[in-house]
Amino acid sequence: MSLLRLAGVNTYYGEIHILQNLTLDVGEGELVSLLGGNASGKSTTLKTILGLVRPRTGAVEFAGEDVTQRATSYRIARGIAIVPENRRLFAPMTVLENLEMGAYLNRDGKGRKEDFERVYTLFPFLHERRHQLAGTLSGGEQQMVAMGRALMSHPKLLLMDEPSMGLAPILVERSFEIIQQVHQAGVAMLVVEQNANMALSIADRGYVLATGRLVLEGPAKQLLEDEGLRKAYLGR
Amino acid sequence: MEHGGEISPVPATPGDAAHTRIGVDDWVAEAEERQRGRGPLVRTVAAIPRPIQIVVFIAVLSLLPFVFSEGNLFRYGLFTLIYALLALGLNVSVGFAGLLDLGFIAFYGFGAYAYAILASPKYGIHWQAEIAIPVVMVGAAFLGLLLGLPSRRLLGDYLAIVTLFFGQAFVVFVNAANPKGLTGGANGIANVDPLNFFGFKLTTTRHYYWFTLIAFLLVIGALYFISESRTGRAWRSLREDPLAAEVMGMPVNRLKIMAFMFGAAIAGLTGTIFAANQTGVFPGDFDISILITIYAVMILGGLGSLIGMFIGAAVINVSYELLSGSNPNPSLGRWLFYLALITVVIARIRPWIRVAVVLAGTVAFGFAVHAIVHALEPSATSGAVTNGGSLSGVMSHWTVIPAHSGASAKYAYVGLVAAVLVLTLIKGWWRAIALIPVLYLASFVWENLLSEQPAVTRLIVFGAMLIALMAARPQGLLGTSRVEIA
Ligand SMILES: Nc1ncnc2c1ncn2[C@@H]1O[C@H](COP(=O)(O)OP(=O)(O)OP(=O)(O)O)[C@@H](O)[C@H]1O
Ligand SMILES: [Mg+2]
C-alpha cells in the first residue's frame, strides 16, 4: 500500500495550469526522486502535497486517508514534514529553537525529548551548536538544521526540495549520505532534485516532470540508463 | 495557553569522542569578543545578577512617588507607565508576531470608553473596578478577534491599511457617528468614576501611579513567560517566515488572532486606567498622534524587547514633557537640549582627544564670539534669555542673544540645517573642527528661536533625537540586530 498518493492532480495558480493530471505515489519507507528542470512544477507538487495550494481536481491521499481538503497543519500532524527550498530557517532563533519549532505539534515533553535525542544522534553537530543563531551558520550547516528540524516531528514521509542547492560538491555528497541514513531509519522520502544523477543513485524509484506533466517514471536504475533522460538532464 | 515545556536535560552528544569538533570555539569566542566590544556602562549593568536588577528596578519605580510632587509624578511617572503598557501591547502584534497593526489605538480607546460607560453617571452604571477591568479586557480582546478574523489572511501593507482604517473608524464612530448617543460625541463622557476596588477608591496620582506600576509589572511578567513559551517562539517564527512556520504545522491564523487579542486586552486595560485617572474620555485622546508616539516608543525601545518598552517610554515621555510648553519648569527643556548635544558629541566622536577638542573649542569659541560681538555692537548681546533657569546666567554671557533677533534667527536655523548636512559629508579632524561653529550655531538657534516656540520645538527636537538614535542603533535601544540568512 502506498503511503502518499497523488491521483490525477490538476493544480493552478490563478488561471495558469501548472500540474497537469499528475499521478504519483510513494510507498512506506521508499525513497523516491522527483526530477525536472526549472519551472517544471516540482515545488508546486510539494506544495500540493502539503496543502499550501489546493488542486482544482484530483486527490491527495496520505496513509490511506483523503487529505485533499485538509489544512496544512493537519497533514503535518499526520506525519508529513518538509525541508523547504532554500531551507528557510528561522534566522534570529537558535538551532535549538529551530528544532523545537519543528516539533511544534508534538506537545508531550517526553516524546519531544526522544525526538531531540534521535536528531542529535543523527547530527551531533546540531547538539554542539544548539545555542548558535541559525542565521549565522554556513549553508551546509543550515542544511543540517533544516533536516533536523523536519525530522523533529517524527515524520512518516519527508519531502525535500532541492537539498543540494547552493552546496559545494563535497557537501552535496555528504547531504545525500545523510538522506540515505534517514531513509535507512525507515522514513519514506520524496526528494526533489535537479541533480538527477545523484538523486537517482540513492533512490528506489524516480519521476521526471516537464512543464507540469510526468514524462518518465520507473525504478531508479532503469531511469539512470534511459537515453532520453540522459540527454535531457544528465548531460551525457 | 500552555507553556512550551522545557527541553532542559539535553541529551549528551552520542559518540562525542568520535565526532570531530569543528570550529565550536571560534564562534563562542567571537560571541564573547562581541560582548567585550560593548560599552562600559552596558557591561557593568549586564554583570549585575538578573534578580538584583529586577529588585532595584521595582524598588526605584515604587519609591518614585516619595521623591516627585504629584504634578511631576503625573507628568513623568504615570504617563511613562501608560506609554510603556501601550507599547508592550503593541509589541505583541508588531514585535512578537510581526503584524503591522496601525489600528492599535482603537483598542486603547475602546478600553477607555467601555470603562466610562460602565462607571459613570452617563448611564447611571457604577461598576467596581475588579469587575469592570476584566470585562473591559475581555471585551477588548474580543474586538481584537473581530479585527483579526477578516485580517488574518492579509500581509504587510494590506494589513497596515486595513488596521489603519479600523483605527480611524473608531475615532469617527465615537466622535460623530452617534452624536449624543452611546459615546457622547465630541463632548465625550465626563465624570467617570475613579477606579474603585472593593470599596477602596483610587483618588490621588500616587494611587494611580502605584496601580499602574502593578499592572505594568504583571503585564511585563506575563509577556515574559509567553515570549519564552511555545506560543512566543511560534510568534517569532511567524514573524521571521510565515511560510516556514506554516509547514512546521503551526496554526498561523490562530496565532495571528491570538497576538491581536493579547495586545488588545493590554490596550483595553491601559485605556481603563487612563479614563479613570482623567475622569473622562474624549475622542481626541485616541487619535493618530498617540499611535505615532506609541510606535516611536516601541521602535526606540527595540522591537520584541520587553524592558526596552519601558526605556523607550521613559525617554520619549520625559523628553516630550521637558520640551512641552505647558511644563511649569521650562528651563529643563534647555538642559535636555544641551545634554543631548553633548551626548551626541561624546557618543559619536572618537578618539577622545577629538571629543575634548570639540567641547573645549566650542566653549572658547562661544566666549570669543560673544566678546567680539559685544565690542562691535552692544545691543546684539543684550537680549534676555527666554525661560530663565539655572543655565541662563551662563548662556547670557556665551550665546549671542540680540535684543531683537528678528529674521537673523530664522536664517540661522536654515543655515544650521545646511551645516548639519555638510557635516555628514566631511570626515576626521575636519569634521571635528567644523563641528565647533555648528554647535555654537545650534545654541544660537535654540536661544533665539526654538526656546520661544516650545510647541514647534518639541516636535523638531524630538524628530532629530529619533533620527540620531535610529541612525546609531537601527534595532532600537534594546532590540537585537537582525540576522540575515545567507
Ligand atoms: N505563487 C505562484 N503564482 C503564480 N505562478 C507560480 C507561483 N509559484 C510558482 N509559479 C509558477 O509555476 C511554475 C512551476 O513552479 P515551481 O516552483 O513548481 O517550479 P520548480 O520545478 O520547483 O522549479 P525550480 O527547480 O526552479 O525550483 C513556474 O512557471 C512558476 O513561475
Ligand atoms: Mg522549486
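As a reminder, the structure under discussion sits directly above these lines.
Scope of this entry: the structure provided in the associated data block. Because the structure is a prediction, the values reported are computed rather than measured.

## Details of the overall build of chain A
When its secondary structure is counted, chain A shows 10 helices and 10 strands. In terms of C-alpha radius of gyration, chain A reaches 17 Å, essentially the compact-globule figure of 18 Å for 236 residues. Dimensions of chain A, computed from the C-alpha atoms along their principal axes, are close to 45 × 40 × 35 Å. A total of 236 residues make up chain A; the buried ones form 59% of that total. Here chain A has roughly 9,300 Å² of accessible surface; of this, 50% comes from carbon and sulfur atoms.

## A look at the layout of surface pockets
Of the volumes computed, that of the second largest pocket is approximately 800 Å³. In this structure, the second largest pocket is lined by 30 residues; those nearest its centre are E246, M250, P251, V252 and N253 of chain B. When contributions to the lining of the second largest pocket are tallied by element, the ones reaching two or more residues are α2 (72-78) of chain A together with α9 (230-240), α10 (242-247) and α11 (252-277) of chain B. Residue contributions to the lining of the second largest pocket peak at six residues, all from α11 of chain B. For the lining of the second largest pocket, the per-class residue count stands at 14 nonpolar, six polar and 10 charged.

## Digging into the site of ligand 1
All names here are of chain A. Around ligand 1, the surrounding shell holds 13 residues, and the nearest of these are N38, K42, S43, T44 and E85. Interatomic distance of 3.2 Å between a backbone N/O atom of S40 and an oxygen atom of ligand 1. Contact between ligand 1 and Q194: an oxygen atom at 2.9 Å from a side-chain N or O atom of the residue. Expressed as a share of its isolated accessible area of 630 Å², the protein-covered part of ligand 1 is 63%. Sorting elements by how many residues they give to the shell around ligand 1 places helix α1 (residues 42-50) first, with three residues.

## Focus on unusual backbone geometry
Positive phi, close to 60 degrees, is recorded for A39 of chain A, a residue that is not glycine. Structurally, A39 of chain A is set in the loop between β3 (31-36) and α1. A relative accessible area of 78% places A39 of chain A in the exposed class. We note that F198 of chain B has phi near 50 degrees; this positive angle belongs to a residue other than glycine. In this fold, F198 of chain B is placed in the loop between β4 (196-197) and β5 (200-201).

## Some remarks on helix α12 (residues 288-301) of chain B
Residues and elements named next belong to chain B. For α12, built from 14 residues, the straight-helix expectation of 20 Å at 1.5 Å per residue is met to within 8% by its first-to-last C-alpha distance of 20 Å. Counting buried residues in α12 gives 10 out of 14 residues, a clear majority hidden from the surface. Along α12, the positions that sit buried rather than exposed are I290, L291, T293, I294, Y295, A296, V297, M298, L300 and G301. Buried residues along α12 sit against α4 (70-96), α5 (104-118), α13 (307-323) and α19 (454-472). Once α12 finishes, G302 follows within two positions and takes phi at roughly 110 degrees, a positive value.

## Some details on the sheet that holds strand β6 (residues 80-83) of chain A
All names here are of chain A. Taken in spatial order, the six strands make up an open sheet running β6-β7-β8-β3-β9-β10, and their pairing is mixed. If you trace the sheet from one side to the other, it starts and ends with β6 and β10 (213-219), each paired once. When the angles between neighbouring strand axes are averaged without regard to direction, this sheet yields 15 degrees. Pairing of β3 with strand β9 (residues 205-210), which is carried by five bridges, proceeds in the parallel orientation. Bridged to V32 within β9 is R205. Against the sheet, helix α6 (residues 139-151) contacts β6 and β7 (157-161), and its axis sits at roughly 170 degrees relative to β6. Against the sheet, helix α7 (residues 169-184) engages β3, β7 and β8 (188-193), with an angle of about 160 degrees to β8.

What counts and how
- Residues numbered from 1 in each chain as written.
- Chains lettered and ligands numbered in written order.
- Predicted model: local features only at pLDDT ≥ 70, side-chain atom pairs only at ≥ 80, totals over all residues.
- Heavy atoms only, no water.
- Helix = DSSP H or I, 4+ residues; strand = E, 2+ residues; numbered from the N terminus.
- Rg over C-alpha atoms; globule rule 2.2 N^0.38 Å.
- Buried < 20%, exposed > 50% of the residue type's maximum accessible area, 1.4 Å probe, protein only.
- Areas by Shrake-Rupley, 256 points an atom, 1.4 Å probe, with all protein chains shown as cover.
- 1 Å grid on protein atoms, 1.4 Å probe; cavity = no way out; pocket = protein on both sides within 12 Å on 5 of 7 lines; lining within 4 Å.
- Points joined across faces, edges and corners; volume = space filled by probe spheres on them.
- Nonpolar A, V, L, I, M, F, W, Y, C, P; charged D, E, K, R; others polar.
- Near = heavy atom within 4 Å.
- Polar contact = N/O pair within 3.5 Å; in protein donor to acceptor, adjacent residues only side chain to side chain.
- Expected span 1.5 Å × (residues − 1).
- Contact = heavy atoms within 4.5 Å.
- Pairing = 2+ DSSP bridges.
- Axes fitted to C-alpha atoms, helices over the stretch in contact; angles between N-to-C directions.

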